Amino acid sequence: MDEQRRAKTEALFRDVNERIAETAERFDATGTEFICECSDPNCTHGVEASNSEYEKVREDPTTFLVLPGHEQDDIERVVSRRRRLWVREKVQAAVRQTVVRLDPRSGPAAPTEL
Ligand SMILES: [Zn+2]
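Residues numbered from 1 in each chain as written. Predicted model: local features only at pLDDT ≥ 70, side-chain atom pairs only at ≥ 80, totals over all residues. Heavy atoms only, no water.

A. Representation of the environment of Arg101 in the model. Locating Arg101 in the fold gives a position in helix H3 (residues 93–101). Given the relative accessible area of 31%, Arg101 is considered partly exposed. C-alpha separation for the pair Arg101 and Ala11, spaced 90 residues apart in sequence, amounts to 9.5 Å. (Helix = DSSP H or I, 4+ residues; strand = E, 2+ residues; numbered from the N terminus. Buried < 20%, exposed > 50% of the residue type's maximum accessible area, 1.4 Å probe, protein only.)

B. Geometry of the sheet that holds strand E3 (residues 63–66). Ordered by their spatial adjacency, three strands build an open sheet running E3-E5-E4, and the pairing between neighbours is antiparallel. Among the strands making up the open sheet, the edge pair consists of E3 and strand E4 (76–81). Each strand axis lies, on average, 35° off the axis of its neighbour in the sheet, ignoring direction. Pairing analysis gives four bridges linking E3 to strand E5 (residues 86–90), with the strands arranged antiparallel. In the sheet register, Thr63 faces E5, and the bridge partner there is Glu89. Most of the contacts of helix H1 (residues 3–26) go to E3, to which it runs at about 75°, and overall it touches E3, E4 and E5. Against the sheet, helix H2 (residues 51–59) makes contact with E3 and E5, and its axis sits at roughly 145° relative to E3, the strand it touches most. (Pairing = 2+ DSSP bridges. Axes fitted to C-alpha atoms, helices over the stretch in contact; angles between N-to-C directions. Contact = heavy atoms within 4.5 Å.)

Structure (structure tokens):
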């Protein structure tokens, strides 16, 4: 499967979750339903997480929030397993580069050499 496409799909889900998090913060919610950030474009599953759990995932541009079982071993590894959510880190170099480049929190896009 096309790794770049998968990385972009996940970055897109991350953008959606960023907006969900902003809204949740505004309403001071404690638990929020985010969307699964796996690379399946048809996945619409919700992942329940607190704002602080989400913030922890977002601190690192290479980590993503997914439902247990939605990870893909060829491009990532699971770094944290909880009851409701798993955190995965991208380990494949090209995929890492893409998700870092597309990170909405890393400011203006730096020129990337491909
Ligand atoms: Zn999923």
